[in-house]
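Summary of structural features
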Amino acid sequence: MDDQTLLEQGRALIRAEAEALRLLADTLDASFVQTVNLVAACTGCIIVTGAGTSGAMAKRLAHLLGSCGMKAFHIPVSDALHGESAIPGPGDVVLLMSKAGKSNDINTLARIARERGATVIGWTANAESELASLSHVVNVIPTHNEAEGDALLPFGSTLAAGAYGDALTLLAKNLRGVNLATLAQTHPLGGANELAREKGDKQGQ
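Computed from a prediction, not measured in an experiment: that's the story for all the values here.

Moving on: the pairing of strand E5 (residues 137-140). Here E5 shows a buried face lined by Val137 and Asn139 and an unburied face lined by Val138 and Val140. Direction of pairing for strand E4 (residues 119-124) relative to E5: parallel, over a ladder of 4 bridges. Among the inter-strand pairings, Thr124 is bridged to a residue of E5, identified as Val140.

Dropping the structure here:
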């Protein structure tokens, strides 16, 4: 494979991933708004989990939510099924990520969390999946074969899940009234502190 072919194939995948994000934005609906409101109003804990690549995105989302003042944390689903499924209860929100919605461990946790009184929010590409049926709110994250590696590897779908989580985090943060002064206080190290202070000064926060 020559250099020009490598460039063309790399560009084609990135363009396909960009198109997947555009289509995701166009498909946002009432379930997204409901999820934002539930997360913003959560008085308990926000538990985020997933398996495989979805687990990596779940850990990222938990970090972002926590950085914006929400009591969010990631639990590996394997740990959850060995005792930590006792954590969710009334007042808590459990976000479960599974592209196909068929993972037995994810669905088992969804069932337990629901039985224990938590609000279960499923993220899946399959609106007819078992995870969808177990969720109080279903967020359908569409997938597109052109944006996936060899139409299988979760490339574009991972980006879509990340973008969905980013939008959720920003809007929930704003609804909760977390401002730049708070972000500066809770990011004392690194460039984020300086940037938050500069922007806060300009906005009078």
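Following the structure, the description resumes.
Below, the discussion takes up the side chain of Thr35. Following the sequence through the fold, Thr35 ends up in helix H2 (residues 30-41). Residue classification places Thr35 among the buried residues on the basis of a relative accessible area of 1%. The contacts of Thr35, once residues within four sequence positions are left out, are Leu95, Ile121, Val137, Asn139 and Leu168.

On to the environment of Glu128. By the secondary structure assignment, Glu128 is in the loop between E4 and helix H6 (130-134). Judged by relative accessible area, Glu128 falls into the exposed class, the value being 73%.

Applying the stated criterion across every chain yields a total of 5 salt bridges. Between Arg22 and Glu19 there is a salt bridge whose closest N-O contact spans 2.7 Å. With a gap of 3 residues between them, Arg22 and Glu19 both fall in helix H1 (residues 3-27), about one helical turn apart. Relative accessible area serves as the criterion here: at 34%, Glu19 is assigned to the partly exposed category.

The 5 strands are arranged E2-E1-E3-E4-E5 in an open sheet whose pairing can be described as parallel. With partners counted over all chains shown, the strands left at the sheet margins are strand E2 (72-74) and E5, one partner each. Averaged over all pairs of adjacent strands, the angle between their axes in this sheet comes to 20°, without regard to strand direction. Two elements, strand E3 (residues 93-97) and E4, share 5 bridges in a ladder whose sense is parallel. Bridge assignment links Met97 to a residue of E4, and that residue is Trp123. The sheet contacts of H2 involve strand E1 (46-50), E3, E4 and E5, and relative to E5 the element is tilted by about 125°. Sheet contacts for helix H7 (residues 156-176): E3, E4 and E5; angle to E4, the most-contacted strand, approximately 140°.

To continue, consider the packing of aromatic side chains. This structure, assessed with the given rule, holds 2 aromatic pairs. Note on Phe32 and Tyr164: the rings are 5.3 Å apart at their centroids and 85° apart in plane angle, and the pair reads as edge-to-face. Highlighted residues: Phe32 in helix H2 and Tyr164 in helix H7, separated in sequence by 132 residues. Note on accessibility: Phe32 and Tyr164 belong to one class, buried. Pairing Trp123 with Tyr164 gives two aromatic rings, centres 5.1 Å apart and planes at 70°, and the pair type is edge-to-face. Linking Trp123 in strand E4 with Tyr164 in helix H7, this pair joins segments that are 41 residues apart in sequence. Taken individually, Trp123 and Tyr164 each receive the classification buried, so the pair is uniform in this respect. Ring-pair connections join several aromatic residues into one group, and the members of that group are Phe32, Trp123 and Tyr164.

Here is what the cut-offs are and how they apply
Residues numbered from 1 in each chain as written. Predicted model: local features only at pLDDT ≥ 70, side-chain atom pairs only at ≥ 80, totals over all residues. Heavy atoms only, no water. Buried < 20%, exposed > 50% of the residue type's maximum accessible area, 1.4 Å probe, protein only. Helix = DSSP H or I, 4+ residues; strand = E, 2+ residues; numbered from the N terminus. Pairing = 2+ DSSP bridges. Contact = heavy atoms within 4.5 Å. Salt bridge = Lys/Arg side-chain N within 4 Å of Asp/Glu carboxyl O. Axes fitted to C-alpha atoms, helices over the stretch in contact; angles between N-to-C directions. Phe/Tyr/Trp six-rings, centres within 6.5 Å; stacked < 30°, edge-to-face > 60°.

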